[in-house]
Amino acid sequence: MSCAEQALAKRFGIALVGLGRSGHFHLTSIKNLPEVARLAWVVDVDEPRAARIAADMGCQWSASLEDPLADPSVDIVIIASTTDTHFSFIIQSLRAKKAVFAEKPISHTVSEVQEAVNLALEHNLPFVCGYQRRCDRNFVALKRQLDKGAIGQLKVVKSCSRDNPLPPLEYLRTSGGIFQDMLIHDFDMQDWLSGGQAPESILAVGHCYNAEVEKMGDLDTVAVVAKYSSGLLAMTDTCRDAAYGYDQRVEAFGARGMLTAKNEMTSTVELANANGHLMPPAEWSFPERYREAYRVELTEFLDLVKAGPQSEAHKAEQQQMLRHPRIVRTATAAELSWRLGRQVMLSEDLDALLEQVDVQTDDAVKEASGVASQGPRSKEEESMAQKEASAIDSLEGVATVVKQEPKAMSLEQLHDWKPKENAFGDSFRNYADSKRQDVVQQTYYTMHRRQTVEFGKEQREKWLKFDKGEFTIMEMIALLDNLVDDSDPDNELPNSIHDFQTAERIREQWPDHDWFHLVGLLHDIGKVLALPEVAGEHVLEQWAVVGDTFPVGCAPADECVFGLKSFEANPDLKHPVYGTEYGMYKPKCGITNLMMSWGHDEYMYWVLKENGCTIPEAGLNMIRFHSFYPWHDKRAYTHLEAPEDAEMMKWVKEFNKFDLYSKGDSVPDVAALKPYYQSLLEKYGIGGKLRW
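Note that the coordinates shown come from a computational prediction; the quantities given were computed from them, not determined experimentally.

Calculation criteria
Per chain, residue numbering runs from 1 following the sequence as it is written. Local features in this predicted model are restricted to residues of pLDDT 70 or higher, and side-chain atom pairs are both shown and tallied only at a pLDDT of 80 or more, whereas totals for entire chains, interfaces and linings draw on every residue. To get the side-chain values, take all heavy atoms of the structure and skip hydrogens and water. Orientation is described by lines fitted to C-alpha atoms, with helices fitted over the stretch in contact, and by angles between N-to-C directions that extend from 0 to 180 degrees. We count a stretch as a helix when DSSP gives it H or I for four or more residues in a row; a strand needs E for two or more, and each element gets its number in order from the N terminus. Working rule for angles: under 35 degrees goes down as roughly parallel, over 145 as roughly antiparallel, 65 to 115 as roughly perpendicular, anything else as oblique. We call two residues contacting when some pair of their heavy atoms lies within 4.5 Å. In this classification, the charged set is Asp, Glu, Lys and Arg, the nonpolar set is Ala, Val, Leu, Ile, Met, Phe, Trp, Tyr, Cys and Pro, and all remaining amino acids, among them Gly, are polar. Whether two aromatic rings pair depends on their centres lying within 6.5 Å, for rings of Phe, Tyr and Trp, where Trp uses its six-membered ring; planes under 30 degrees apart make the pair stacked, over 60 edge-to-face, and the rest tilted. Only Lys NZ and Arg CZ are tested; either one counts as a charge over a ring when it is within 6 Å of the ring centre and within 35 degrees of the ring normal. Here's how the labels work: a residue is buried when its accessible area is under 20% of the maximum for its type, exposed when over 50%, partly exposed in between, all with a 1.4 Å probe on protein chains only. In this tally Asp and Glu are treated as negative and Lys and Arg as positive; neither His nor the chain ends contributes. Any Lys or Arg side-chain nitrogen located within 4 Å of an Asp or Glu carboxyl oxygen qualifies as a salt bridge. Polar contact is the term for a pair of N or O atoms within 3.5 Å; when the atoms are in protein, one must be able to donate a hydrogen and the other to accept it, and sequence-neighboring residues count only if both atoms are side-chain atoms. pLDDT expresses, on a scale from 0 to 100, how confident the predictor is about each individual residue. Exposure above 30% relative accessible area and no salt bridge define the residues that can form patches, which grow by joining like charges within 9 Å and nonpolar side chains of Val, Leu, Ile, Met, Phe, Trp and Tyr within 5 Å. A 1.4 Å probe and the Shrake-Rupley method give the accessible areas. Residues count as covered only by the protein chains that appear here. Working definition for charges: the position is that of NZ of Lys, CZ of Arg, CG of Asp or CD of Glu.

> With reference to specific residues and values, describe the packing of helix 13 (residues 312-321) against helix 14 (residues 323-340).
Running from N to C, helix 13 and helix 14 point in directions that differ by 25°, and their axes come no closer than 5 Å. Taken together, the axes of helix 13 and helix 14 are roughly parallel relative to one another. Residues Q319, Q320 and M321 of helix 13 lie in contact with helix 14, whose contacting residues are R323, H324 and P325. Residues belonging to the contact of helix 13 with helix 14 are distributed by class as follows: two nonpolar, three polar and one charged.

Here it is in structure tokens:
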């Protein structure tokens, strides 16, 4: 086989750095390209997350880049870590002679961007910074028409870039600010559509409506106008949060016409009736809009690496690298325009302007802190100083913001809140004479008769292939409006309402643990097993979906709801192994090693694992075992516990207070809550379509 043939046949070894939301997109792309890509390493400072994902993907893991760079089987490094780490990882990887694909930004500093580009050129290495809009099919089609001269000389480029939902605050604190994090995509688009022109002047104005973002010294709404020497005008309006969906549009106006790239909609169906023409909503957020673009950009990068350093593709990309310093320079000039309150010429000394902003900030800090004052101040002076000190937050650069560490987890100070009655004015978990007694008892008796080892294996074989379709979490929650849990004596509201009730009660009591809030929202979504919209021909009756769980493959405990009598017709009781105390398990084998009765808990746990969810394992186990009441509430099955199960049980019991007792709460405003919970879905890697 020739060298060229070997290159074509090679599966490139990849080290993926960063396992957050961007990293998850690349994990998905790598899994979908098995013929050309092989994941060799995952790297993340969160060691448990890295170890878990490495085990799932069958690769090695590390908390640092040192070992992956020393591995000769690694050809490519994909950098999807936090933005403030990109430059260091890019330089390390290029010095190790690896091809590099990095999420933007390379750096927020023009000189560092130039250093990275120069290093890639010096070593003749493939180096791509991921601006995924260049791979979006709509924008690619617009660019083709533009290059064909469809509208003649380009006069105006207008882009609308409105995010949805507001990104997590933890992300925004280290993002570099709206100019370097969000608007830089628009500046790259303008560079692309204009054929590589650089603006000669730029003017930016903005405002911040979100108080938390304002504290970071950042904006959430900005308008920018750039003027080019050719006469071209480029205008952008951007916002961090658009309530109606993800809004990404581009308009190109020329001497002979106009080109427009519109939003991707959730469907093409339009309803026309007496109320007018009703259009479907835009895609919810960027994972949905750019899912295919992420796959295309990685495929194109692998093709670039495969083509080799002597190819025309490689030479063209090395020319494209040269744009990176000017795009960051444009973003820097736009931010300076806002901070200085004037138009900025790109010919100005931007470093000197940055120093000017720094000096103004330092002077304001000193003045507000009273360093320049002499003697005691009056009440009026004190009040003015406090106002000035408060205003300093808006002058501080985003790069200087220190990320706030979450408070340490503690279960020693458990919250005592507990309502007195459920939605029917009854006590909670009343299985003796509740107002829903007949339907609840029938559900449990059927469950205890038919949940066997064989049935559990059959359902795992059917459902853990994750081939029932792709849906977002919010789509699944909406479907739960069609379900009322037949095992629940406490509530007859649609299950989707209970999900938000639980999440909001957790949020109230544990405000600093946002992953815990998300667990509250997710914990019952597995009940879609009972909905034909998802399950199709595999739809399950509720006895196989809802209710308290128990381990199959061993004798049942009398502590189960309705006791041993309800299990009398279960065939496993007569099995020589399954009918014994330990059954098919070893003493102290551990709760996580039990085969639980099949239902929504087990299913949802594995859905989240399959789709790369980064919620801590404590949270995932809450979802998996929250219905195992005989164990965590009645303390049955302790002969199967392992020592480490004690800590897991604490978290499960803490969660169950909210799962159970929030059913007495009033119905929440779901529409108002969705943006917050969508931001958490994005943060923990499950904001887009998931495999079910």
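> Residue-level account of the packing of aromatic side chains, with values.
Two measures describe an aromatic ring pair: the distance that separates the ring centres and the angle between the ring planes. This model, assessed by the stated rule, comprises 23 aromatic pairs. Three or more aromatic residues link up through ring pairs in this structure, and these residues are W510, W515, F516, W651 and F658. In this structure, K468 is placed above the aromatic ring of W463, and the distance from its NZ or CZ to the ring centre is 4.9 Å. Sitting over the face of the ring of Y676, R507 holds its NZ or CZ atom 3.7 Å from the ring centroid.

> Before we move on, can you summarise the side chain of D71 with the specific residues and values?
Along the chain, D71 turns up in the loop between helix 4 (66-70) and strand 4 (76-79). Although D71 lies buried, it forms no salt bridge, and the closest oppositely charged side chain, R38, sits 6.3 Å away as judged by the N-O distance. At 2.8 Å, the side chain of D71 forms a polar contact with the side chain of W41. Excluding anything up to four places from it in sequence, D71 contacts W41, Q60 and K98.

> Go over the confidence of the model for the protein chain, please, and point to the residues and values.
When the pLDDT values of the protein chain are averaged, the result is 84; 84% of them are 70 or greater. By mean pLDDT, helix 16 (residues 379-391) is the weakest element of the protein chain at 41, and strand 9 (residues 221-228) is the strongest at 98. Segment residues 368-431: pLDDT under 50, and 115 contacts once partners within four positions in sequence are set aside and those in other chains are kept. Low pLDDT, under 50, characterises residues 661-665; the stretch is placed with 25 contacts to residues that sit more than four places away or in other chains.

> Mind laying out the pattern of salt bridges, listing which residues take part and the relevant values?
Across all of its chains, the model carries 36 salt bridges by this definition. D181 serves as the salt-bridge partner of K104, at 2.7 Å between the closest nitrogen and oxygen. With K104 in the loop between strand 5 (99-103) and helix 6 (110-122) and D181 in helix 9 (residues 178-193), this pair connects stretches of sequence that are 77 residues apart. By the burial criterion, K104 is buried, and D181 matches it. The salt bridge involving E617 is made with K609; its shortest N-O contact spans 3.5 Å. According to the relative accessible area criterion, E617 is partly exposed, its value standing at 31%. Judged by relative accessible area, K609 falls into the buried class, the value being 13%. Through salt bridges with shared partners, a single network forms among R134, D188, D191, R323 and R326.

> Tell me about a negative patch on the surface, and please be specific about residues and values.
A cluster of like negative charges, contributed by D349, D351, E355 and D358, occupies part of the molecular surface. Among the structural elements, D358 can be located in helix 15 (residues 350-369).

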